[in-house]
Amino acid sequence: LRSLVAETIPLNHGCLAPIEFIIPKNSLLNPSPDAAVVGGNVLTSQRLVDVVLKAFSACAASQGCMNNLTFGDEEFGYYETIAGGAGAGPTWEGRSGIHTHMTNTRITDPE
């Protein structure tokens, strides 16, 4: 939330208070249990953060995808997100080859 406030404010308890998002059922962000979905964590979440930051004119979009690397076999699996880039803002230039938003995971949990 601090990135959406025009003033520089200290990190405090108010900044950490949860926000409630009300998302319509059977929509892209709240699909039904029987909907065919895949990659929601890696694609939709990254783009959603870009949309929210753009809506508040906080900064330009990131690369928009988490750029995934996956390999393994029957006994081992590895899944990693790869850095792409960050958009520029009112007082800073964008960056390339940097983890942003959802890509800053190091290794995604298997859950």
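Below, the structure is looked at part by part. (Residues numbered from 1 in each chain as written. Predicted model: local features only at pLDDT ≥ 70, side-chain atom pairs only at ≥ 80, totals over all residues. Heavy atoms only, no water.)

### Some remarks on the pairing of strand β1 (residues 68-72)
Turning to step 1, where the next piece is worked out: Of the pairings in the sheet, the one linking β1 to strand β2 (residues 77-81) comprises five bridges and is antiparallel in character. By the bridge assignment for β2, Thr-70 is matched with Tyr-79.
Turning to step 2, where the next piece is worked out: Count of turn residues in the β1/β2 antiparallel hairpin: four residues. (Pairing = 2+ DSSP bridges. Helix = DSSP H or I, 4+ residues; strand = E, 2+ residues; numbered from the N terminus.)

### Some remarks on a nonpolar patch on the surface
Turning to step 1, where the next piece is worked out: Side chains of Ile-19, Phe-21, Ile-23, Leu-28, Leu-29, Leu-48, Val-52 and Phe-56 sit close together on the surface and give an oily, nonpolar patch of about 780 Å² of accessible area.
Turning to step 2, where the next piece is worked out: When you line up the elements, Val-52 lands in helix α1 (residues 40-55). (Patch = residues over 30% accessible without salt bridge, like charges linked within 9 Å, V, L, I, M, F, W, Y side chains within 5 Å. Areas by Shrake-Rupley, 256 points an atom, 1.4 Å probe, with all protein chains shown as cover. Salt bridge = Lys/Arg side-chain N within 4 Å of Asp/Glu carboxyl O.)

### Section: the pattern of salt bridges
Turning to step 1, where the next piece is worked out: For the structure shown, the criterion picks out one salt bridge.
Turning to step 2, where the next piece is worked out: Here Asp-50 and Arg-47 are joined by a salt bridge, their closest N and O atoms 3.1 Å apart. Highlighted residues: Asp-50 and Arg-47, both in helix α1, separated by three residues, approximately one helical turn.
Turning to step 3, where the next piece is worked out: A relative accessible area of 4% places Asp-50 in the buried class. (Buried < 20%, exposed > 50% of the residue type's maximum accessible area, 1.4 Å probe, protein only.)

### Thoughts on the packing of aromatic side chains
Turning to step 1, where the next piece is worked out: Tallying each qualifying case throughout the model produces two aromatic pairs.
Turning to step 2, where the next piece is worked out: Each member of the aromatic cluster is reached from another via a ring pair, and the members are Phe-71, Phe-76 and Tyr-78. (Phe/Tyr/Trp six-rings, centres within 6.5 Å; stacked < 30°, edge-to-face > 60°.)

### Focus on unusual backbone geometry
Turning to step 1, where the next piece is worked out: A positive phi angle is found at Asn-26, which is not glycine, with a value near 60°.
Turning to step 2, where the next piece is worked out: Mapped onto the elements, Asn-26 comes out in the segment before α1.
Turning to step 3, where the next piece is worked out: Of the residues examined, Asn-26 reaches a relative accessible area of 61% and is grouped as exposed.
Turning to step 4, where the next piece is worked out: Residues other than glycine seldom take positive phi values, yet Ser-57 does so here, at roughly 50°.
Turning to step 5, where the next piece is worked out: Along the chain, the position of Ser-57 falls in the loop between α1 and β1.

Nothing here speaks to function; it is all geometry.
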